[in-house]
Each structure stands twice: as C-alpha cells, then as structure tokens.
Amino acid sequence: MQRIELRGRSYAFHDVGQGVPLLLFHGFPFTSKSFWPQLDEPPTGFRLIAPDHRGFGGSVLDGDGPSTMEAFAEDGSALLDALGIQSAVVGGVSMGGYVALAFARLAASKVRGLVLIDTQATADDEAGKARREAVAQDVLQNGLAGLTSSMLPKLLSAKAPQAVRSKVEAMMLLQSPRAVAAASRGMGARPDSRDQLSRFALPTLVVVGAEDPITPVEKARQMAELVKGSQLVVIPDAAHLPNLEQPETFKAALEAFAAAVR
Ligand code: MLT
C-alpha cells in the first residue's frame, strides 16, 4: 500500500501490475483490499491502481458532510495526476461504479474506457434516499454490526467459501461509522447516469454476478444496452462481488477487455 497527500489528507492506494492503467474503485462499505485476488494476481495487460475512498482503509475522511461520488472521483483523478498518468480505464464495483461514472462526468479526457461491475446507472428513488439516511443514522448510533448482518447475505452467493465470507465480514466491521454514514448519504445524492452512458463512446465492459440481488443482471443489461459496442459478462455462481467469488472468470473478463482497449 502506498500513500499520497491530497490537500493535507492522506490517501492510500495499491499500484500493481503493468499495462494500461486501470483505476478501480471499491464498493460500500469496503476498502481497496476487497480486490485482494486482483491485487495478488493483477490481470495481464493492466496496471491496477486501487485507492481507498476517503474515510475507508488508509485514506482520511474530509469534513463532516456527505462523501459524494464526485468527491471520491476527484480524489481518484488527483491520484492519476500525482502518478503522472494522463488517462486510464476507470471502473468500480457497485458504489465504485457510481464513482467511475462520476469520474467520467468530471474528467472525461482522462477516461480510456469504463468497467462497471455489479452497479447501476439509475439514481435512488425517494424511498431509496430515505434508506440511505436511515443507514447513516444507524451506523452513527450503533456501529457497523447491523449493516453488516443485513448486507452480508446479499453480497455473496450461498456457495461462497466460508473464508471469503469471513474476510468480507471482517472488512465491513472495521470501517469507520462516520465514513460509512458519509458515503451512504453521498450515494443517496448521486444522479441518474443513463443519458451519460447513452452518449459514452469508449470501450465499456459491464460485469455482473448472475445471482446478484443488489444490482441484478437486469440493471447490468440496461447499462450495456445504453453504451454502443459495450460487452456484458454475466458471471455464474457469484452474487454482488464476483471478483471475490469467481476471481478466475473475473480475471479472464478483464484480460479480454485489456486486449480490446490496447
Ligand atoms: C455497494 O456494494 O457498493 C453498495 O451495495 C451499493 C449500493 O448500496 O447502492
């Protein structure tokens, strides 16, 4: 793990492998370590850069307001500048996908392509926004235990190895309630990205676990249909985190995409 200073704040990231830069954002409420199989064995053809969002893992939170998807994206963009990287394929899992979409809005000239994993282009409806606020208040008052036990069964399929389940659970329980509340509020404020995707003309890979109950295959299909020429890969025997449940299939999908982007 490496660190840079962003406006006086420490920002942590992994930088592994060689090839086209792939800036990959993690989901909620995790850290870049949720890409552990990819960090251990980077996909051929990509230099994988995986930061911790502000407040998560080794990155320091900025202020008390919501952590918007744009704020997370700006940090990622500043990281590319600090590393002297002019453009990258930008992607993310779930909330990380919302961040990748925000990145493409804010810094289009730095984007060589998108990788959208178990995520969605639609915004939250009013009930969804209210749930984000309820999650924020719950974690601030009670810590991460309630959120962890309600999310865990949806993150991994029934077939996921116990070792993976335990690692995912432990990572969630370790996160700071303030950062998790700020990210939950930030997700509730994200815009609809369907128009943006329908205008996007660069290589795009959409990946989804066949058994994902949070952002189901239908959501992935909708995104893939919006982007002309995109590829959709549905990974069997995986739920919301196919990079952890089926790392080999996930790696193969990324490697085929790396060849297409090059
Ligand atoms: C995630 O995995 O990042 C979250 O489930 C995304 C969300 O709640 O919309």
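This text goes with the structure placed above it.
Structural notes, computed from the coordinates. Computed from a predicted structure; not experimentally measured.

1. Considering the pairing of strand β2 (residues 9–17)
Pairing of strand β1 (residues 2–6) with β2 involves five bridges; the strand directions are antiparallel. Residue pairing for β2: Glu5 is matched across the bridge by Ser10. Between β1 and β2, which pair antiparallel in sequence order, lie two residues; one of them, Arg7, sits at a positive phi of approximately 45°. Summarising the sheet, β2 and strand β4 (residues 45–51) pair through five bridges and their orientation is antiparallel. Paired with Asp15 across the bridge in β4 is Ile49.

2. Quick word on the sheet that holds strand β8 (residues 231–235)
A sheet is described by the order of its strands in space; here eight strands give the open sequence β1-β2-β4-β3-β5-β6-β7-β8, paired in mixed fashion. Two strands bound the open sheet, and with one partner strand each, they are β1 and β8. Across the sheet, the mean angle separating the axes of adjacent strands is 25° when strand polarity is ignored. Contacts from helix α2 (residues 69–82) reach β1, β2, β3 (19–25), β4 and β5 (88–93) within the one sheet, and its direction differs from that of β2 by about 65°.

3. Points about the environment of Val20
Of note, Val20 is situated in strand β3. Taking the relative accessible area as the measure of exposure, Val20 reaches 6% and is therefore buried. Between the C-alpha atoms of Val20 and Asp75, which are 55 residues apart in sequence, the distance is 20 Å. Once you skip the residues sitting within four places of it in the chain, Val20 turns out to touch Gly45, Phe46, Arg47, Val89, Arg112, Val261 and Arg262.

4. Remarks on the site of the ligand
Around the ligand, the structure places Gly27, Phe28, Ser94, Met95, Tyr98, Arg132, Met151, Met187, Ile214 and His240. Here an oxygen atom of the ligand sits 2.8 Å away from a polar atom, N or O, in the main chain of Met95. At 2.5 Å, a side-chain N or O of Tyr98 approaches an oxygen atom of the ligand. Isolated, the ligand exposes 270 Å² of accessible area, and the fraction of that covered by the protein chains is 92%. Among the cavities detected, the one that contains the ligand is the largest pocket.

Calculation rules
Residues numbered from 1 in each chain as written. Predicted model: local features only at pLDDT ≥ 70, side-chain atom pairs only at ≥ 80, totals over all residues. Heavy atoms only, no water. Pairing = 2+ DSSP bridges. Helix = DSSP H or I, 4+ residues; strand = E, 2+ residues; numbered from the N terminus. Axes fitted to C-alpha atoms, helices over the stretch in contact; angles between N-to-C directions. Contact = heavy atoms within 4.5 Å. Buried < 20%, exposed > 50% of the residue type's maximum accessible area, 1.4 Å probe, protein only. Near = heavy atom within 4 Å. Polar contact = N/O pair within 3.5 Å; in protein donor to acceptor, adjacent residues only side chain to side chain. Areas by Shrake-Rupley, 256 points an atom, 1.4 Å probe, with all protein chains shown as cover. 1 Å grid on protein atoms, 1.4 Å probe; cavity = no way out; pocket = protein on both sides within 12 Å on 5 of 7 lines; lining within 4 Å. Sits in = over half its atoms within 2 Å of the grid points.

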